[in-house]
Amino acid sequence: MASISFRNVTKIYDGAEKPVVPNLNLEIADKEFIILVGPSGCGKSTTLRMIAGLESISTGELYIGDRLVNQIPPKDRYIAMVFQNYALYPHMSVYKNIAFGLTLRNVPKDEIDRRVHEAAKILDLEHLLERKPKALSGGQRQRVALGRAMVRNPSVFLLDEPLSNLDAKLRTSMRSEIARLHRRLDTTFVYVTHDQTEAMTMGDRIVVMKDGIIQQYDTPKVLYATPCNLFVAGFIGSPQMNFLDVTIAADGGKLFAILGEDKIEIPAFKYDALKPYVGKEVIMGIRPEDFLPFAELTSSNGMSAKVDFCELLGAESNLYVFVGDKKVIVRMPSYMDKPEEGNIKVPIEMERAHFFDKETEQAIVH
């Protein structure tokens with residue numbers, strides 16, 4: 001079993017005023033692919049390094065399987081780690097880089113050879129085994145680093161921003177390769193990234209962190225559709241969710257979001273959650289893709305805006321508009337006619353609107 005359990009784990013560095021990771025409780029199931037995501041300094045890499053044994057735990061308990069590993073050195077934890085910078089030995093061939101950890105452990109040569117060639121075949125490195133790292137592309141070097149981890153037959157794979165040094169095209173292809181590798185090896189993967197696109201496309205579940213605290217821990221679909229607070233809503237999704245200050249008003253048995261001079265009708269299924277906020281200001285969140293075609297504009301779904309510019313992305317376009325002093329992104333198919341300039345009305349798909357408490361920043365209703 002390679003489940004991982006953090007139980008009230010705290011990490012505070014010597015001389016620091018507050019912990020970088022305060023009271024972390026996290027359960028990772030055997031064979032799961034878990035993504036730790038968040039902005040720089042949120043504690044995700046520290047959390048990964050505590051699993052690896054590269055950072056000590058200040059308080060609390062960390063279990064890998066049923067073993068308490070607080071005092072167990074990294075080499076005895078049955079884990080393998082893949083770093084951002086590959087960490088390959090430049091004077092060694094690909095074969096020797098992959099085999100290095102096994103050689104140190106005095107694994108028999110024929111067993112080393114079998115494992116190296118097996119990993120090389122999976123990672124399409126067989127034709128590169130005699131080359132040195134300097135003769136490889138970035139993607140090939142990253143596959144060598146993965147191969148070096150694979151041959152150890154670890155219970156847990158730890159990956160610390162392994163794709164951040166690659167260009168956009170390589171990152172896309174390596175994402176699918178790592179996801180395929182997880183399915184093939186059928187073991188636990190814990191992957192750290194600040195790139196929420198990687199998180200959304202690769203993980204079984206995502207841990208969203210801020211200031212060392214878990215904000216939400218769920219599947220990509222749930223995080224995207226029902227973010228628990230303003231931070232998660234703004235962090236997950238690209239481009240990020242648009243946020244607008246609105247006042248909730250009641251009129252004729254219906255609820256409306258008052259946005260400047262606009263009175264936008266709220267769907268009935270959101271009434272129960274929003275009734276306590278009548279007369280109060282809340283934050284309304286609209287994802288760029290949750291606007292309706294201009295042809296579907298009505299008197300009760302329109303948002304007044306001023307066109308800034310339009311960004312062509314191929315099959316889609318991002319229309320940038322100002323709503324008051326807030327810049328809003330409206331995503332639409334590129335074939336659709338777009339206003340060139342001036343003041344317009346943009347129809348909102350209010351069934352998909354999110355509402356957040358302005359003081360607590362917690363979600364009210366989705």
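So, a few notes on the structure that sits alongside this text.

Reading guide: rules and limits
Residues numbered from 1 in each chain as written. Predicted model: local features only at pLDDT ≥ 70, side-chain atom pairs only at ≥ 80, totals over all residues. Heavy atoms only, no water. Helix = DSSP H or I, 4+ residues; strand = E, 2+ residues; numbered from the N terminus. Buried < 20%, exposed > 50% of the residue type's maximum accessible area, 1.4 Å probe, protein only. Areas by Shrake-Rupley, 256 points an atom, 1.4 Å probe, with all protein chains shown as cover. Lys, Arg positive; Asp, Glu negative; His and termini not counted. Charge placed at Lys NZ, Arg CZ, Asp CG, Glu CD. Phe/Tyr/Trp six-rings, centres within 6.5 Å; stacked < 30°, edge-to-face > 60°. Lys NZ or Arg CZ within 6 Å of the ring centre and 35° of its normal. Pairing = 2+ DSSP bridges. Contact = heavy atoms within 4.5 Å. Axes fitted to C-alpha atoms, helices over the stretch in contact; angles between N-to-C directions. Parallel < 35°, antiparallel > 145°, perpendicular 65-115°, else oblique. Left-handed = near helix turned anticlockwise from the far one by under 90°. Nonpolar A, V, L, I, M, F, W, Y, C, P; charged D, E, K, R; others polar. Expected span 1.5 Å × (residues − 1). Arc of directions from axis to C-beta.

A closer look at the overall build of the protein chain
Point 1. Helix and strand content of the protein chain: nine helices and 20 strands.
Point 2. Its C-alpha atoms give the protein chain principal-axis dimensions of roughly 80 × 45 × 35 Å.
Point 3. By residue count, 48% of the 366 residues in the protein chain fall in the buried class.
Point 4. On the protein chain, roughly 17,700 Å² of surface is accessible, and the fraction owed to carbon and sulfur atoms is 49%.
Point 5. The averaged location of the 48 negative side-chain charges in the protein chain is 7 Å from the averaged location of its 45 positive side-chain charges.

Quick word on the packing of aromatic side chains
Point 1. The final tally for this structure, using the stated rule, is seven aromatic pairs.
Point 2. Judged by centre distance (5.3 Å) and plane angle (40°), the rings of phenylalanine 33 and phenylalanine 189 are tilted. Placement of phenylalanine 33 in strand 3 (residues 33-37) and of phenylalanine 189 in strand 8 (residues 188-193) is noted, with a sequence separation of 156 residues between them.
Point 3. Overall, the relative accessible area of 1% leaves phenylalanine 33 in the buried class.
Point 4. Taken together, a centroid distance of 4.5 Å and an interplanar angle of 10° make the contact between phenylalanine 309 and tyrosine 320 stacked. Taken together, the residues span a long stretch of sequence, with phenylalanine 309 in strand 15 (residues 302-312) and tyrosine 320 in strand 16 (residues 316-323) at a distance of eleven residues.
Point 5. An aromatic cluster of at least three residues, connected via ring pairs, comprises Phe33, Phe157, Phe189 and Tyr191.
Point 6. A cation sits over an aromatic face here: lysine 263 above phenylalanine 256, 4.7 Å from the ring centre.
Point 7. Positioned above the aromatic ring of tyrosine 224 is the side chain of arginine 287, whose terminal nitrogen or guanidinium carbon lies 3.9 Å from the ring centre.

Quick notes on the sheet that holds strand 4 (residues 59-64)
Point 1. Read across the open sheet, the four strands follow the order 2-1-4-5; overall the sheet is antiparallel. The strands lining the two open edges of the sheet, one partner per strand, are strand 2 (21-28) and strand 5 (67-68).
Point 2. Inspection of the sheet shows strand 1 (residues 4-11) paired to strand 4 by five bridges, in the antiparallel sense. Bridge pairing in strand 4 places arginine 7 opposite glutamate 61.
Point 3. Set on the sheet, helix 1 (residues 44-52) makes contact with strand 1, strand 2 and strand 4; between it and strand 1 the angle comes to about 115°.

Let's talk about the packing of helix 4 (residues 138-150) against helix 5 (residues 168-185)
Point 1. Running from amino to carboxyl end, helix 4 crosses helix 5 at an angle of 15°, the nearest separation of the two axes being 11 Å. The angle between helix 4 and helix 5 falls in the class roughly parallel. Read as a crossing pair, helix 4 and helix 5 show a hand that is right-handed. Taking contact as the criterion, the partners of Gly139, Gln142, Arg143, Leu146 and Met150 in helix 4 are, on helix 5, Leu170, Met174, Glu177, Ile178, Leu181 and Leu185.
Point 2. When grouped by side-chain class, the residues that make up the contact of helix 4 with helix 5 number seven nonpolar, two polar and two charged.

Notes on the pairing of strand 3
Point 1. Within strand 3, five of the five residues are buried, leaving the element largely enclosed by the surrounding structure.
Point 2. Side-chain alternation along strand 3 places Phe33, Ile35 and Val37 on one buried face and Ile34 and Leu36 on a second face that is also buried.
Point 3. Here strand 3 pairs with strand 8 via five bridges, running parallel. Looking across to strand 8, one finds that phenylalanine 33 is bridged to phenylalanine 189.

A word on helix 3 (residues 109-122)
Helical geometry note: an α-helix holds 3.6 residues per turn, so side chains three or four residues apart project in the same direction.
Point 1. Over its 14 residues, helix 3 extends 20 Å from the first C-alpha to the last, a length consistent with the 20 Å expected when each residue adds 1.5 Å.
Point 2. Restricting attention to buried positions, one finds in helix 3 the residues Ile112, Arg115, Val116, Ala119 and Ala120. Angularly, the buried residues of helix 3 cover 130° about the axis, an arc narrow enough to put them on a single face. Residues of helix 3 that are exposed and point more than 90 degrees away from the buried face comprise Asp110 and Lys121.
Point 3. Packing partners of the buried residues in helix 3 comprise helix 2 (94-104) and helix 4.
Point 4. Positive backbone phi, at 55°, marks aspartate 124, one or two positions downstream of helix 3.

Points about the sheet that holds strand 6 (residues 79-82)
Point 1. Taking strand neighbours across the sheet as the criterion, the six strands line up as 6-7-8-3-9-10 in an open arrangement whose pairing is mixed. Of all the strands in the sheet, the pair left with one neighbour each is strand 6 and strand 10 (213-218). Strand-to-strand twist of the sheet, defined as the mean angle between neighbouring strand axes without regard to direction, takes the value 15°.
Point 2. Pairing analysis gives five bridges linking strand 9 (residues 205-210) to strand 10, with the strands arranged antiparallel.

With respect to the environment of isoleucine 122
Point 1. Counting through the fold element by element, isoleucine 122 comes out in helix 3.
Point 2. Taking the C-alpha atoms as reference points, isoleucine 122 and threonine 360, 238 residues apart in sequence, are found 49 Å from one another.
Point 3. Isoleucine 122 has contacts with Met150, Leu181 and Arg184, leaving out every residue within four places of it along the chain.

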